[in-house]
Amino acid sequence: MATSSRPDQPPRRPGGGSSTAPLHAENVLGGQADPGTSAVPAMGPGVEPAGFEEATQALAPAVGPWADSLGRAGSRAAQTLLVAAVVVGLLWILLQVKVVLIAVLVALILASAVGPLVKWLEHKGWSNLLATLAAFLGILALVGGILTGIVFAVRSEWDTLTASAQEGWNELQRLVQSGPLPVDTAAIDSAVQQAGDFVTSGSFAGGAISGLGAATEFVTGVVLMIVVLFFCLKDGEKMWNFTLRWFRGERRAKLAESVDRSAQVLGGYVRGTAFVAAVDAVLIGAALLFLGVPLALPLAVLVFVTAFIPVVGATIAGIIAALVALVTNGPGTALAVVVVIVVVNQIEGNILQPIIMGRTLSLHALMVLLALTVGTLVGGIFGAILAVPYTAVAWAVIQVWSSRYQVGDDPVLGPDPVNQKDRVEAKATMAERWKYQRMRYQQALGGRFGATERDAVRQDDDPDGSARTAEDDATGSAAGARKP
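Residues numbered from 1 in each chain as written. Predicted model: local features only at pLDDT ≥ 70, side-chain atom pairs only at ≥ 80, totals over all residues. Heavy atoms only, no water.

Student: How do you make sense of the overall build of the protein chain when you look at a structure like this?
Tutor: Assigned secondary structure in the protein chain consists of 14 helices and zero strands. For the protein chain, the N- to C-terminal ordering of α and β elements is α-α-α-α-α-α-α-α-α-α-α-α-α-α. Out of the 484 residues belonging to the protein chain, those deemed buried represent 27%. By element, 67% of the accessible surface of the protein chain is carried by carbon and sulfur atoms, the whole surface being about 31400 Å². (Helix = DSSP H or I, 4+ residues; strand = E, 2+ residues; numbered from the N terminus. Buried < 20%, exposed > 50% of the residue type's maximum accessible area, 1.4 Å probe, protein only. Areas by Shrake-Rupley, 256 points an atom, 1.4 Å probe, with all protein chains shown as cover.)

Written out as structure tokens, the structure reads:
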């Protein structure tokens, strides 16, 4: 019996299964229903409507060589290789301009450390330029005074060092010959002779020329760093204000918070490490002076500099100081120097670092070691110094932009491995949080993004803000309707 109206459900296929295709697909399967009627073409067992195979192929998903598991794995591998190629390309470009990159990174660290001093001077009534010059000249005077002291200390004790080194070398040879282990002194003399021949050869001259080029590159980087540092101290807030004006709402708030947390990490790291390094240098330098080791002041400065390299910096300084004491004063003094350095390192690691540095880095010791290794392989000594603080900056920025981390104790995983005080939101002041909230809802609440000349004139004419034109009302309501 023919139906008088189009059925709500599609007809069942032979075999009891119901079709999931829409009813209009029946037209494709060879059944040309009359548009004036709702009758459905008759279909029975063994009856295959015209065009059924073509329609099935059209409706079925395309199956290609990349649709199976191996194809999906290959596509992911290709994507991974493309991403790796982009990363390698970026690293290659950065290595080509490593002088500029290192100068900028060092300037940012110093600006983050000295920036609070500039702001403090400005709050005391100093102008921006005067406060910047005071902080800038203070840094230059400190660094220049340290370098000048090193040069004069080395010059005044050079003769004593060379004479003591010769005596210590002879004493070391006698100790080696009389020791329990057989050592071929002829091999040692041959190695010394080869070193002397190398110094007088053309290869050494070529290396000296290369060293001269490296020195020129270093001086260029220092000059560039000084210029960048000056402008960061003077116009840092203006430059960042200019950058933030290209973003709105949530992005502006997160960018502002990222910079604040980065400056907090870099400044806290530099100031804390400098204080710890100064304590180490004073204690070890005093011990070297007491033991009569030559070049005590340069060695103390070396301790101060290497303290900025986490994990291995103190060990490097201790080895150099012990070698100088061994060559110039003998094994007894060298052993005493080693004991002093071990004691100072224990004081630093167990007392000074936890109290002064606190939770500035918020990095696991393994991450510190890996960052230090990668930085050393990529950038040498500067990479070793810069790797750890900028890794901490990267971790802080990741916390700002990502909300996927599940905070708090988990019934299955257990306690939260991240301390509540280490979370990035715990390091923002109340004023900073209020600033971020104002940025997020500035547009939603009808706030303007920068005053125009017309706005300034209206505010001058109506300081209470009671007069509003129809155009202003429309603009404000439209801005309030938009969400950040």
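Student: What am I meant to see in the pattern of salt bridges here?
Tutor: Two side chains bearing opposite charge may form a pair once their charged atoms approach each other closely. Evaluation of the coordinates by the stated rule reveals seven salt bridges. In this structure, arginine 440 and glutamate 250 form a salt bridge, with 2.9 Å as the shortest nitrogen-oxygen distance. One end of the pair, arginine 440, is in helix H12 (residues 430-441); the other, glutamate 250, is in helix H7 (residues 249-291), and 190 residues separate them in sequence. Assessed through its relative accessible area of 16%, arginine 440 is described here as buried. For glutamate 250, a relative accessible area of 30% translates into the label partly exposed. Several salt bridges share partner residues, and in doing so they unite Glu250, Lys254 and Arg440 into one network. (Salt bridge = Lys/Arg side-chain N within 4 Å of Asp/Glu carboxyl O.)

Student: Mind showing me how you'd approach the packing of aromatic side chains here?
Tutor: The geometry of an aromatic ring pair comes down to the distance between the two centres and the angle between the two planes. A full pass over the atoms with the stated rule returns five aromatic pairs. For the pair phenylalanine 136 and phenylalanine 230, a centre-to-centre distance of 5.5 Å together with 75° between the ring planes defines the contact as edge-to-face. Within this pair, whereas phenylalanine 136 is found in helix H4 (residues 128-177), its partner phenylalanine 230 is found in helix H6 (residues 202-244), the two being separated by 94 residues in sequence. Here the two residues phenylalanine 136 and phenylalanine 230 agree in accessibility, since each one is buried. Judged by centre distance (5.6 Å) and plane angle (80°), the rings of phenylalanine 230 and phenylalanine 231 are edge-to-face. (Phe/Tyr/Trp six-rings, centres within 6.5 Å; stacked < 30°, edge-to-face > 60°.)

None of the figures reported here should be taken as evidence of function without further support.
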